[in-house]
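Coordinate inspection notes
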Amino acid sequence: MQDPNTKYPRPPFAPQPQSVPGLAREMNPKPDHGETSYKGSGRLAGLRALITGADSGIGRAVAIAFAREGADIVLNYLPSEEADAREVVALIEQAGRRAIALPGAINDEAFCNRLIEQTVEHLGGLDSLVLVAGHQQACESIADLTTAQLDETYKTNVYSMFWLCKAALPHMKPGATIINTSSIQAYQPSPTLLDYAGTKAAIAVFTKALAKQVVEKGIRVNAVAPGPFWTPLQPSGGQPEEKIPEFGSKSIFGRPGQPAELAGVYVLLASEESSYTTGEIYGVTGGNPLP
Ligand code: NAD
Ligand code: MG
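The model shown is predicted, which means the values in this text are computed figures rather than measured ones. (Residues numbered from 1 in each chain as written. Chains lettered and ligands numbered in written order. Predicted model: local features only at pLDDT ≥ 70, side-chain atom pairs only at ≥ 80, totals over all residues. Heavy atoms only, no water.)

Describing the site of ligand 1
Put simply, the rule is: Proximity is defined per residue: if any heavy atom of the residue lies within 4 Å of a molecule or strand, that residue is considered near it. Any pair of nitrogen or oxygen atoms within 3.5 Å is treated as a polar contact; in protein, a donor-acceptor pairing is required on top of that, and neighbouring residues in sequence qualify only through side-chain atoms on both sides. The method behind every accessible area is Shrake-Rupley, applied with a 1.4 Å probe, and residues are considered shielded solely by the protein chains displayed. Think of it this way: any DSSP run of H or I at least four residues long counts as a helix, any run of E at least two long counts as a strand, and we number them from the N terminus.
Of all residues adjacent to ligand 1, which total 31 residues, the nearest are S56, I58, E81, Y196 and T231. D55 has a polar side-chain atom sitting 2.8 Å from an oxygen atom of ligand 1. Within the backbone of V132, a nitrogen or oxygen atom sits 2.8 Å from an oxygen atom of ligand 1. Burial of ligand 1 by the protein amounts to 97% of the accessible area it has alone, namely 800 Å². Listing elements by their share of the shell around ligand 1, those giving two or more residues are α1 (57-68) and α5 (194-214).

Right, dumping it as C-alpha cells:
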C-alpha cells in the first residue's frame, strides 16, 4: 500500500512552456502513464477499441491499460505528436496486442468518418469508443477570446464527439461502450476557461442523453470527469503559464493526479463489470466531489 499524499510529485514544478499540442516526453517531471505499474488481468480480452488522444496523458494511460487487459487498439492523435505516439505503439505491442496508428485532426467531419471506417476495417469491428482527445487554451478575458478559438475548442471537443459517435454506433453491438472525457470544469469552471468549460458541460449532457437513446441497443455511454492531471495539455497553454508551478496544489491531496491514477476507471467503464452503469459522469477529481 502507498500513501496517496506522497505517492507522486507535488508542487512546486518548474516552469515549462510548450506550444500546443504539448508532448509528454518534454515534461518535467515525466507523467506516470502506468508504463511500469499497470498490471492487466484479462478484463478486456478480445475487445476492439478506438482511443483518441492516445499518444499522451490520460489517453496514453488508457491505451496502456486497455492493451494489458487484452484489447486491440486504434490510436488517434495529431501528426505532430508522432514521437509520443511511437512510444505508446511500442508499449501496446510489448503487451502482445495490436496497435494501429491513425493520426489526424478530429475537428473535421470527413476525417472523423474515415477514422471510424478505417478502425472497423483494421479491427473487424468496434466494441469501445474512447474519446479522450481535447483542446484547452486559457484566455484571461472574453474580450480576447476569438471566434477562431471558440470554433477550435467546440469542434475538437464537442463536434468530434457527435461525429465519431454518429459514425460508430451503426457498427456497435449489444455490450459495446462509449466513454467520453468531461472535466471538473463542467461543474466548477475556471474564469480563464470560458470556452473549454462549456464544451466539458456539453460533453456531460450529451453523455446522459445519448445513454438514454441507445440503451435499447444494449450500448452504454458514460463519461469520466477528471480534476487536475499532470499532462502536456496544461503547460501547452491549458493554464496561464504562471499557474504551472502550483498546478494541482488546490486538490485536497495537494498535488495533481497522474494519468495512471485514472486508467482503471476507463477499464471499468469498458468492461462487463459495469453493465448496470450508463449515463454516469464518473469523477476522479482529487477529493473535490462532483455535485
Ligand atoms: P494531452 O495533451 O495528453 O491529451 C490531449 C490530446 O488531445 C492530445 O494528445 C492530442 O492528441 C489530442 N488532440 C487535441 N486536439 C486534437 C485534434 N484537433 N485532433 C485530434 N486530436 C487532438 O492532455 P490530457 O490532459 O491527457 O487530455 C485528455 C483529456 O482529458 C482531454 O479531453 C481533456 O480535456 C481532459 N481533461 C484533462 C484534465 C487535466 O487536468 N489534464 C482535466 C480534466 C479533463
Ligand atoms: Mg499528446
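A closer look at unusual backbone geometry
In this model, V20 is joined to P21 through a cis peptide bond whose omega is -5°. For P21, the position within the fold is in the segment before β1 (48-52). Between N28 and P29 the backbone carries a cis peptide bond, its omega angle lying at -5°. Here P29 is to be found in the segment before β1.

Describing the nonpolar core
Note on soluble globular proteins: their nonpolar side chains tend to be buried together. Cut-off, in case you're wondering: Joining through side-chain atoms within 4.5 Å is the link that ties buried Ala, Val, Leu, Ile, Met, Phe, Trp, Tyr and Cys residues into a set, and such a set is a nonpolar core. Summary of the burial criterion: residues with accessible area below 20% of their type's maximum are buried, those above 50% are exposed, and those between are partly exposed, where the area comes from a 1.4 Å probe applied to protein chains only. Residue contacts follow a heavy-atom distance rule, with two residues in contact if any of their heavy atoms lie within 4.5 Å.
I51, F66, I73, L75 and Y266 are the most contacted members of the largest nonpolar core, which totals 35 residues. Per-element accounting of this core gives the leading share, 7 residues, to α1. Apart from the residues lying within four places of it in its own chain, the contact partners of I73 are A49, I51, A63, F66, A67, I92, R98, A99, I100 and L123. Counting 31 residues, the second largest nonpolar core, distinct from the first, contains I100, V120, L129 and M161.

Some details on empty space enclosed by the protein
Selection rule: Cavity and pocket criteria rest on a 1 Å grid covering protein atoms alone: a 1.4 Å probe that fits but cannot get out defines a cavity, protein on both sides within 12 Å along at least 5 of 7 lines defines an open pocket, and an atom within 4 Å of a point defines a lining residue. Grid points are joined across faces, edges and corners, and a volume is the space filled by probe spheres set on the points.
On inspection of all chains with the given rule, the structure shows 1 cavity of 30 Å³ or more. The computed volume of the largest cavity comes to approximately 80 Å³. In this structure, the largest cavity is lined by 13 residues; those nearest its centre are L131, A133, N157, M161 and I203. Elements with a contribution of two residues or more to the lining of the largest cavity: α4 (147-168), β5 (177-181) and α5. Top element by residues in the lining of the largest cavity is α4. It accounts for 4 residues.

Quick word on the coordination of the magnesium ion (ligand 2)
Where we set the bar: Nitrogen, oxygen and sulfur within 2.8 Å of a metal are treated as its donors, or within 3.2 Å for sodium, potassium and calcium (Na, K, Ca); water is not counted, so a site can appear incomplete.
Protein coordination at the magnesium ion (ligand 2) comes from D55 (OD), S56 (OG) and E81 (OE), with a distance range of 2.0 to 2.3 Å. Residue D55 is classed as buried on the basis of its relative accessible area, which comes to 1%.

A word on the environment of A105
Examined against the element boundaries, A105 turns out to sit in the loop between β3 (99-101) and α3 (109-123). Taking the C-alpha atoms as reference points, A105 and P79, separated by 26 residues in sequence, lie 8.1 Å from one another. Apart from the residues lying within four places of it in its own chain, the contact partners of A105 are L78 and F111.

Some points on the packing of aromatic side chains
The cut-off we apply is this: Two rings from Phe, Tyr or Trp (for Trp, the six-membered ring) form a pair when their centres sit within 6.5 Å of each other. Planes less than 30 degrees apart are called stacked, planes more than 60 degrees apart edge-to-face, and all others tilted.
Applying the stated criterion across every chain yields a total of 3 aromatic pairs. Ring centres 4.2 Å apart and planes at 25° place the aromatic pair F13 and W230 in the stacked group. Residue F13 is found in the segment before β1, and its partner W230 is found in the loop between β6 (220-226) and α6 (234-238); the two are separated by 217 residues along the sequence. Residue F13 is classed as buried on the basis of its relative accessible area, which comes to 7%. Of the residues examined, W230 reaches a relative accessible area of 1% and is grouped as buried. Here the aromatic rings of Y159 and W163 are separated by 5.6 Å at their centres, their planes lie at 75°, and the arrangement is edge-to-face. Highlighted residues: Y159 and W163, both in helix α4, separated by 4 residues, approximately one helical turn.

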